[in-house]
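What follows is the residue order along each chain.
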Amino acid sequence: MTRYILRRLWYMFITLFIIASVSFFLMKLLPGSPLNAEDKLSEQQKTIILEKYGLNDPVPVQYVKYLGGLVQGDLGISFAFDNTPVTDILADRIGPSAIIGFQALIVGTLLGILLGLTASIFRNGPLDYSSTIIAVLGTSIPSFVFAGLLQYLLAVKWGLLPVALWGEFKHTILPTIALAIHPMATAARFTRTEMVEVLHSNYITTARAKGVNESGIIWKHGLRNALIPLVTVTGPMAVSLMTGSLVIEQIFAIPGIGEQFVKSVMVNDYPTIMGTTLMFAFLFVGIILVIDLLYGLIDPRIRLAGGNK
Amino acid sequence: MKRKLSWLLTLGLVLSMFLAACSGGGDDAEQPADEGKDQAAEENVEQVFNLLNGDTIPSMDPSMATDEYGFQFLGATMEGLYRLDANAEPAEGIAKTHSVSEDGLTWTFELREDAKWENGDPVTAHDFVYAWQRAVNPDTGSEYGPYMMGGVIKNATQVNTGEAALEDLGVKADGDYKLVVELENPTPYFHSLTTFGTFLPLNQKFVESQGDNFATSTETLLANGPFKLENWTSTASQWNLVKNETYWDAATVELEKMTYQVSKDPTTAVRLYEEGTVDRVGLSSDLVDQYSTHDDYVITPETSVFYLKFNQTRNEALANVNIRSAIARAFNKQDLVDEILNNGSIVADGLVPADFVNIPGTENDFRETSGALSAHNVEEAQAFWEKGLEELGTDSVEIEFLGGDTETSKVMNEYLANQLQTNLPGLKVTLKQVPFEQRLDLDTAMDYDIQFAGWGPDYLDPYTFLSLWITDGGNNKMGYSNAKYDELLNESATTLARDNDARYENFLEAEKILFEDAAIAPIYQRAMAQLVAPKVEGVFVNPFGATYEYKWSKAVSVE
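Residues numbered from 1 in each chain as written. Chains lettered and ligands numbered in written order. Predicted model: local features only at pLDDT ≥ 70, side-chain atom pairs only at ≥ 80, totals over all residues. Heavy atoms only, no water.

Per an unreviewed UniProt entry, chain B is named Oligopeptide transport system substrate-binding protein, and its organism is Mesobacillus persicus. The UniProt entry for chain B carries this comment under Subcellular location (unreviewed entry): "Cell membrane". Regarding chain B, the UniProt comment filed under Sequence similarities (unreviewed entry) reads as follows: "Belongs to the bacterial solute-binding protein 5 family." (UniProt positions renumbered as here; feature names shortened; annotations may be inferred.)

You'll find chain A entered in an unreviewed UniProt entry as Oligopeptide transport system permease protein, with Mesobacillus persicus given as the organism. Recorded in UniProt under Sequence similarities (unreviewed entry), the annotation for chain A is "Belongs to the binding-protein-dependent transport system permease family."

Here it is in C-alpha cells:
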C-alpha cells in the first residue's frame, strides 16, 4: 500500500510538472503584455519596464527561472496587483469560492441522492418522472439562468435575501443554491440509474429471500453499492465547484478565485495565471488520488483486488 | 445510525437555509422603517455614501497607478499641487499660487505650510521632488511616469532611459515650501497636469520604511487628501473612504464616509440599487431602456472620443483621400448612439470632444466653435466614393475592418460594416473582431485597414487629442502625415507656447486639416447613464484623472 501511494505521488509530481510547463508556454502565446498603458508608451519605455520584470529574456530562460522559483515554493509577485505575492491573492480569493462550493456540494449531492433514490423506489411512477424532469432541467439549464432567476425572485421581488455582495452567511445562500443545481442533477441521475440496477441484482434478491426488511435493503444493501460511481464523479466535481464559478461569482459579486482567474488572463498577469492554474491542477490530482484511496474503504471488492496483486 | 445522520444533516441544512432566509428578510424589513420622518433637519442626515466599484483597486502607488480606479482613490486620499474644482479648473491644493517665468520654462509653486500627512509630517516641496524623481526612475518601472512627464519636465525622458542622473530631473525644492519646476517646452496647461495622480507628492521617509509593501494596504499608505482608505488591501473587495481629519482643508469636507463594494455585473448592480444597498449605479446599454424613465436616471457626458482609423499604408484604396472622405460620411452615427449605445453618448463630428475645453478667454466650447467637420451625409459620401473609384480605376474595393470583441463592440462593428456596404456600392467589408490586447498589437504593427479606436484625454488641452496624428507619432500608426498639420502643432508647443490664443487658433486650423484629409472618421463621444440617489449632492465628474471629486460632496435629506 505504501509503495502504491508513493508511486501515485510520483505520478502526481510528473503531472504537475507537465501542466506547469504546457501552461507556461501556452500563456506566453497570449497576445499583448502585462503593461496597462501599452498604447501610450514608446518602444524604449516598454523595453525598460519589461526588463525590470525579466520579460525581455528569451522564453526558455524565463521558463527555467520560473521553475526555479516554483521549486522553492515561490509563485512570484503579481503584475496586476502591485507588489502583492500571488500566494496572498490565492489565499484571499479561495476562501469565498471554497465556502460556496462546499455548501453547494453538500446540499447538491444530498438532495440529488434523495431525489435519485425516490425515483428508483417509485420507478415509472409520477415521482420518478418528476424527479427525472428536475434532473434534466438541472443539467441542461445553465447555472447563470438559475442564479438570475433566484436573485430576481427571492431578493428583488420578495426581499427575503440580499441581492448580492459578500460578508455574512445570508449572502452565501443564493449562490449556494444556484451552484448546487448542477451537482444535484448529476447526483440524482447517477443514483437513480445505479439503484435501479442494484435493486435487480442477485444479492438483493437473496437479501429479500432472507427476509431483510425493505428499508434495510434500500439503505444498507442498495444505496451503499449504488453510490460507488457517484463517488468517482464527486471528486472532480468538488474541485470544480470549490475553485469557483466565474458566472456565479460575477452575478452575486463574490470575491472568489474563478473571477480572479479570468481577470488575470485578460490582463496578462503571468504569475497569477500560473499560480491559479497550478493550484487548480494540484487540487485536481490530489482529489483524484484521495478518491482512488477511498474506493477501497467503500467497496471491499476493490480492496481485495488490490491485495491480490 | 448512518441513515439517521444523513437525514438529520439534510434536515438541518434545509432548516438552516430557511432560518437564514427569514433572518435575512428581517434585516431588510428594518431598513424602510428608517425612512421615517424623523430626519427633518438637514444636519441630521448621515454623511455617508454607499457605492459600488467595478473592480478591485490594483495600485495605490501614485507612480505605478495606470487605471481608472487607482487614480480615483489616489485623487480622494491624496492631494497634489492643485485639485480640479466644480468647473474642472485647477483649484488650490498643496500649492497656494504659482508664477511662470518669461520664457514659460520655469514654474515656481508656493506651497502652503499647514498641509500635513496623516502621520503629522508636513507636506513639503521635497515630497514632490522625491515623488517625481521616483516616477521616472527606471528602477521603479512606472508606465505613467515617463508617459506623463517625458517631454514635459526637463530631462524626464533622459532620466528614464538612464542618460541623465535622477538629480538632473527639472524639479527642485527651494526651501521647504517652494517648488521650482523646469520644463522641456513651455506648457501652458502644466498646472492642470499637476492634478493628475502621477504628480502627487510622496513622503520619502514613509515610502522607504515600507519597502516593497508600500501602498499594498491601509497601513502602508499615507494620505494627505480629504479622505483616507479604511480596511483596504490590494485584493480587497470591500473598503471604505473616511474623512481625513488631518487634511488642511478638513473644514470644507462634509462627507464622513463612503463605503465601497466590488460588483462587476451591471444587472446585479442595478438590483442592489433598487434594494437600497447602494446610492449610485452605472447602467449598461441593455438596462437603459428599462430605467431611462426612472426618477433617478442621470446622464453624465464623458470626454472619450471614438473613431475609425484609416491605415494609409496597407490598402491602396485607403491612401485615396476621396475614398476616406466617402467612408467617413457614409454611416449614420445618430442611429448608432440612439439604438446601439443608448446610454446618452452623443454623435462626434470632430476629434476634440464637446464640454472639454473653451476657447481661451471666452465661454465658447472648442467643439462648437470648430463645428461639424465630418458629419453623416450619404449623398456627399457617394459623390466622394465615385470620384475615388475613378481615381483608383476600379469599381470595387475590399476592406478589412478591425474592431473589438465585446458584445456592444460586435454589434457596432456589424452595424458600421453594413452601413458602409449599403451606402457605398462596390465596397466589401470583412470584419475582424479581436480582444483589446490583440487590437493594440495589430495597431502597433499597422496590420489593419480600418480600425475602431478611441482616446481619452490625459490633460486639459486639445493637444492631448491632436498630437495623436503628428507624423510618425507614437500613436499615429496609420501612416497619416501632413506637413502643415505637424507645423501647426509644433508651433503650439514651441514658438506659440506662451500665447494661448494663438495656440487655439492653430488647434482649430489643425483639426480642419485633419478632416479635410479625412484622416479619421469620428463616430461618438461617450457618456455614462446612471441611477443616482437624490441624497447624493456635489459630486463632480472630472474630464480626466480621478473620475469623481468628493471633496465638496454631501448627503442631503430627501423629502
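Back to the write-up after that little detour.
Visitor: Teacher, can you tell me more about the sheet that holds strand S6 (residues 171–173) of chain B here?
Guide: Note: strands within a sheet are paired through backbone hydrogen bonds, in either parallel or antiparallel orientation. All names here are of chain B. Taken in spatial order, the 4 strands line up as S4-S5-S7-S6 in an open sheet, and their pairing is antiparallel. Looking at which strands have only one partner, the edges of the open sheet turn out to be strand S4 (95–100) and S6. This sheet shows a mean twist of 20° between the axes of neighbouring strands, independent of strand direction. (Pairing = 2+ DSSP bridges. Helix = DSSP H or I, 4+ residues; strand = E, 2+ residues; numbered from the N terminus. Axes fitted to C-alpha atoms, helices over the stretch in contact; angles between N-to-C directions.)

Visitor: Can you walk me through the domain arrangement of chain A in this structure?
Guide: Size of an interface: often given as the accessible area lost when the parts come together. Residue and element names in this part refer to chain A. Parsing chain A into structural domains produces domain 1 (2–71) and domain 2 (89–302). Distance between the C-alpha centres of domain 1 and domain 2: 33 Å. Contact with domain 1, which involves 21 residues of that partner, is made by 17 residues of domain 2. Both faces considered, domain 1 and domain 2 share a buried interface measuring about 1600 Å² in area, 78% of it formed by carbon and sulfur atoms. Taking the shortest distance from any N to any O, the salt bridge between Asp-292 and Arg-8 comes out at 2.6 Å. Seen at the junction of domain 1 and domain 2, the total is 1 residue pair in polar contact (both at pLDDT 80 or more). Residue assignment for the side of domain 1 that touches domain 2 shows that the elements contributing at least two residues are helix H1 (2–28) and helix H3 (59–71). When its residues are assigned to classes, the side of domain 1 that touches domain 2 shows 15 nonpolar, 4 polar and 2 charged. (Domains from an automatic or database assignment. Contact = heavy atoms within 4.5 Å. Buried area = accessible area lost by both parts, 1.4 Å probe. Salt bridge = Lys/Arg side-chain N within 4 Å of Asp/Glu carboxyl O. Polar contact = N/O pair within 3.5 Å; in protein donor to acceptor, adjacent residues only side chain to side chain. Nonpolar A, V, L, I, M, F, W, Y, C, P; charged D, E, K, R; others polar.)

Visitor: Would you take a moment to explain the interface of chain A and chain B for this structure?
Guide: Listed as interface residues are 57 residues of chain A and, on the opposing side, 60 residues of chain B. Between the two partners, chain A and chain B, sit 2 salt bridges. In this structure, the salt-bridge partner of Asp55(B) is Lys263(A), at a minimum N-O distance of 3.1 Å. One can count 10 residue pairs in polar contact (both at pLDDT 80 or more) joining chain A with chain B. Elements supplying a minimum of two residues to the side of chain A that touches chain B: helix H2 (43–52), helix H4 (86–121), helix H6 (143–157), helix H7 (169–199), helix H9 (214–226), helix H11 (246–251) and helix H12 (257–266) of chain A. For the side of chain A that touches chain B, the residue count by class is 32 nonpolar, 14 polar and 11 charged.

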